[in-house]
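Here is how the chains run, residue by residue.
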Amino acid sequence: MAACTLFLRLPKLRYVPCLRKARSVYNKPENEIVEQDGKRATLKHRETSSQGDNRLCSNPSLYLHPVRSSRTFQSHIADDDDESYTPQYQSNSKNTQPVPTDVKMQTRAFTRSRMEYASITLDLNERPPPIGWEQAEMWLQKVPVLKNTMKASDVCLILAELSCCDPDKLLLLKTDQRFITLIRYCFENLRRFTEIQLLDVLQSFVWLQLPSDHFILNVHENEISQRVNCMSLHQLLLAADLWRCIGRRVPQFLKHLYDSVNLYWENMGVSEFVHFLYIMGEGRHCPTDLIAPVEKVLMHHLEKLKPEEVGAICIGLFKSKSSLSMDAVTRLVDKAHSFVEEMSDFAMVNVLKYLRFTYLYHNDWMNAMMQEVPRRAQKMDVKGLMHVVLTCSALHYRNEHILRAVADNMMPLVPLCRSKDAGKLLWSFGTVRFIPPNPNFYASLTDALRQRKDEFEQYPEHLLTGLLGLAFVSQFPEDLIALALSPAFVSLALNCAKLDLRKDFFTLDGTVALELPHWVGPRLNGELRAEVAEMLWKNAQSTVCQKEETLEAEFGLQELLGGKKFVMKRMILPHTRSIDLEVHLDSTGQPIPVNITGNKVTASPENSLSKSSSPQDWERMNTGVTLSDAFIAQLTNSKKVTGPQTPSLACQSVLLPRVDPDEDAKLFNSELDLAHGITHALTKQSGLRCDNYRAPVKLAIQLSSRNHYCYHSQYLLGFHALKRRQLKLAGYRVVVLNYRDWLPLLRKSHAEKLAYLRKKVYGNLK
């Protein structure tokens, strides 16, 4: 794109860069190319106008992915939704299996939308015509000849010519001592380069494929950053694009760019604005003070945007985490919807990414996806398909047409999945609890995680993401769970400064405790469980516990049941990260006190009612006080025995545990199952079967939210389905105060609220 024929109208150009080989995209004869002092003029860096007789032509060829030599940078961008990461796959069976080929996305297709992009971007598909090694040798010979007399223009010219070296010879070139000396001369002449020459040299580094951490790039970035005030907007945008092509993070330069761009908002054209957002996205940051002007310019240019430009804007906003107003986002997606059929797959997915970031459900767009995704899925790449379903899960949008299309077309591509792709696909399908027709779908993605174990060392979150997604649909690969909960992996993941994975570990650990009773593998240590439980409880106390709907339900139940002691607001299963209102009723429907010592947070499922107070536990206790006959009669719902008792008919003495005052909190969770445990022990010891006995009913009263369900349905999302399933495993009956019913009642009379709560509580005794 940045290369085109320069005709003999040079006075109208803003500047002519230093000497470089030109290539005509119109295949003009060589004698039509302008010559200056017998040297070929470079056409790569210029500021031109599409007005008048200047001809700017864009090359329609696809852009190549930039070469990145820095392993650190590759890893980082691969985890940040960068489109250049291509997974390498080696199949089993000694690599004899056929491996599918992933689709190459046109990630910079927006630059073909207008000719104006030619002056601010580099077309990586328009590599200069290669020169042979003999010609490269000729230019290398000039380095020792010129020695200390070498000028800045000489360095610029030689680098430009050598950058045309055949890619196969680049390694040989870069290890040549004369080339190393040339780089030293570049360093020594850095201050003497003009701004145009600095850009020419930087472009040469792109073609030479210098490693992104090469020392010359460090000093080059510093020099360009110091020249920002001397550079035009086009030069700044071109410099940013060249850094992007090299694959180097340049936060210092971008900071200067962001500071300078405020001078240009009023006169910024469409191509400049779109490219600026693209650069901002690749820099993964948008200063807060730029949000307002970005939105203003976007709304100004909205109607002029073309399909691929909308996609570029969306990915730029998504990667830079720029939160525009909902009105602006809606209008942007309206524009995308107006020509959705013309958009590339990459641009369409970029719109979905930004919807995911903003949590905006755009009805028309999602309806269009019902048609577009099935139509395109067969030709989409792994990452594109993953982001489609990830957006569906983020928006809680469960659409059979979209999900089935992704699942069906993903199966052949599973061998190409990174751990990130496999983990997020499992999470996404699990979140909306979609079971594809192919019974091997989840197993294949789970196996993909196994194949990518080496990636977990750098990205431990991907394993946890996948395992939680599987847990949502009741699938538990024990080998991967054992790996995730192993002390070494937990330590590795918790030392990752980028993410706080404690809650994910806590949820997985609690799930294992309840759903895998036979589990003998590793578990989180008690200290970590208690730490996370306390953190979650403190957060709940300041948020959901203070919501009007929660307080109204709590106070209403207290009044209905006879006081505060009969209602406990707590996290019954803290690993599910939410609270419940706990109520216990005996067999006659009478409330049993539960809130004896105040609201408490349970540190782990082992300490919850389901496990700590089993009948067997009570049988093993051998210290305490003897129960009275009256209490036993009440427990067994029988008449009081007044006459002499015989061992065959009477319940033998049962001892309650004697505890110190500071152990009250530990005992609290066990007290609630006291009646059931004692009665079981009594009847077992005496041989007396209490046929009429019914255990107390434990109710977990939940206040639902629209965020618990798939969009426009009452179909539970995976995490909330998991919680209800596990509450039942813990011995609870789940009572749901549906938001559709309860929220409107908040505006009704007190009597209506109590009537609703009474129906909910006592309707569950049948």
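Since the model is a prediction, treat every value here as computed from it, not as a measurement.

## With respect to the overall build of the chain
Here comes step 1: The secondary structure content of the chain amounts to 35 helices and seven strands.
Here comes step 2: Within the chain, buried positions represent 56% of all 766 residues.
Here comes step 3: Of the contacts made within the chain by residues no fewer than 6 positions apart, 78% connect residues no fewer than 24 positions apart.
Here comes step 4: When the accessible surface of the chain is split by element, carbon and sulfur atoms take 51% of a total near 34,100 Å².

## Side note on the side chain of E582
Here comes step 1: Inspection of the secondary structure assignment puts E582 in strand β4 (residues 580-585).
Here comes step 2: A distance of 2.6 Å separates a polar atom in the side chain of E582 from a polar atom in the side chain of R570.
Here comes step 3: Engagement of the side chain of E582 in a polar contact is seen with the side chain of H584, the distance being 2.9 Å.

## Examining the packing of helix α16 (residues 363-376) against helix α18 (residues 400-410)
Here comes step 1: At a closest axis distance of 8 Å, the pairing of α16 and α18 adopts a crossing angle of 30 degrees. Regarding the angle of α16 to α18, the classification is roughly parallel. Remark: the crossing between α16 and α18 carries left-handed chirality. Note on element contacts: α18 touches α16 through H401, I402, A405 and V406, opposite M366, M369, M370, V373 and P374.
Here comes step 2: For the contact of α16 with α18, the residue count by class is eight nonpolar, one polar and no charged.

## Description of the pairing of strand β6 (residues 697-703)
Here comes step 1: Across the seven residues that make up β6, a large majority, seven, are buried.
Here comes step 2: Burial along β6 is two-sided: V697, L699, I701 and L703 and K698, A700 and Q702, pointing in opposite directions, are all buried.
Here comes step 3: Across five bridges, β4 lies against β6 in antiparallel orientation. Bridge assignment links V583 to a residue of β6, and that residue is L699.
Here comes step 4: Bridge count between β6 and strand β7 (residues 733-737): five bridges; the pairing is parallel. What sits directly across from L703, in β7, is L737.

## Things to note about unusual backbone geometry
Here comes step 1: Unusually for a residue other than glycine, Y359 sits at a positive phi of about 55 degrees.
Here comes step 2: Looking at the secondary structure, you find Y359 in the loop between α15 (345-358) and α16.
Here comes step 3: Unlike most non-glycine residues, H712 shows phi in positive territory, near 55 degrees.
Here comes step 4: Within the secondary structure, H712 sits in the loop between β6 and α33 (718-729).
Here comes step 5: Overall, the relative accessible area of 65% leaves H712 in the exposed class.

## Describing the nonpolar core
Here comes step 1: Judged by nonpolar contacts, the single largest core of 180 residues is most densely connected at F205 and W365.
Here comes step 2: Counting residues per element, this core draws most heavily on helix α9 (residues 233-246), at 10 residues.
Here comes step 3: For W365, the contacting residues outside a window of four places in its chain are V333, A336, H337, V340, M343, M348, V351, L352 and L355.
Here comes step 4: Formed by 22 residues, the second largest nonpolar core is a distinct cluster that contains L581, L703, W742 and L746.

## Some words on the packing of aromatic side chains
Here comes step 1: Throughout the structure, instances matching the rule amount to 16 aromatic pairs.
Here comes step 2: Ring centres of F110 and Y117 lie 5.5 Å apart, and the angle between their planes is 85 degrees; this geometry places the pair in the edge-to-face category.
Here comes step 3: Look at Y117 and you get buried, because its relative accessible area is 0%.
Here comes step 4: Ring geometry for F429 and F441: centres 4.8 Å apart, planes at 70 degrees, overall edge-to-face. With F429 in helix α19 (residues 419-431) and F441 in helix α20 (residues 441-451), this residue pair connects regions lying 12 residues apart in the sequence.
Here comes step 5: Classification of F429 as buried rests on a relative accessible area of 0%.
Here comes step 6: On the basis of relative accessible area, F441 is assigned to the buried category, the value being 1%.
Here comes step 7: Here a set of aromatic residues connected by ring pairs shows up, and it is made of F429, F434, F441 and Y442.
Here comes step 8: A cation over a ring is seen here: K698 above Y732, with NZ or CZ 4.9 Å from the ring centre.

## Focus: the environment of E752
Here comes step 1: Summarising the element assignment, E752 is placed in helix α35 (residues 750-762).
Here comes step 2: For E752, a relative accessible area of 37% puts it in the partly exposed group.
Here comes step 3: Side chain to side chain, E752 and S749 meet in a polar contact 3.0 Å long.

## A look at the pairing of β7
Here comes step 1: For β7, the tally of buried residues reaches four of five residues, placing the bulk of the element in the interior.
Here comes step 2: Assessed by its sense of winding, the connection that carries the chain from β6 through α33 to β7 is right-handed.

## Section: the environment of C245
Here comes step 1: Tracing the sequence through the fold places C245 in helix α9.
Here comes step 2: Assessed through its relative accessible area of 3%, C245 is described here as buried.
Here comes step 3: On a C-alpha basis, the gap between C245 and D123 in space is 9.5 Å, while along the polypeptide they are 122 residues apart.

## Here we look at the confidence of the model for the chain
Here comes step 1: Averaged over every residue, the pLDDT of the chain is 78; the share at 70 or more is 73%.
Here comes step 2: Low pLDDT, under 50, characterises residues 607-690; the stretch is placed with 112 contacts to residues that sit more than four places away or in other chains.

Calculation notes
- Residues numbered from 1 in each chain as written.
- Predicted model: local features only at pLDDT ≥ 70, side-chain atom pairs only at ≥ 80, totals over all residues.
- Heavy atoms only, no water.
- Helix = DSSP H or I, 4+ residues; strand = E, 2+ residues; numbered from the N terminus.
- Buried < 20%, exposed > 50% of the residue type's maximum accessible area, 1.4 Å probe, protein only.
- Contact = heavy atoms within 4.5 Å.
- Areas by Shrake-Rupley, 256 points an atom, 1.4 Å probe, with all protein chains shown as cover.
- Polar contact = N/O pair within 3.5 Å; in protein donor to acceptor, adjacent residues only side chain to side chain.
- Axes fitted to C-alpha atoms, helices over the stretch in contact; angles between N-to-C directions.
- Parallel < 35°, antiparallel > 145°, perpendicular 65-115°, else oblique.
- Left-handed = near helix turned anticlockwise from the far one by under 90°.
- Nonpolar A, V, L, I, M, F, W, Y, C, P; charged D, E, K, R; others polar.
- Pairing = 2+ DSSP bridges.
- Core = buried A, V, L, I, M, F, W, Y, C linked by side-chain atoms within 4.5 Å.
- Phe/Tyr/Trp six-rings, centres within 6.5 Å; stacked < 30°, edge-to-face > 60°.
- Lys NZ or Arg CZ within 6 Å of the ring centre and 35° of its normal.
- Right-handed = clockwise from strand over helix to strand, strands pointing away.
- pLDDT = per-residue confidence, 0-100.

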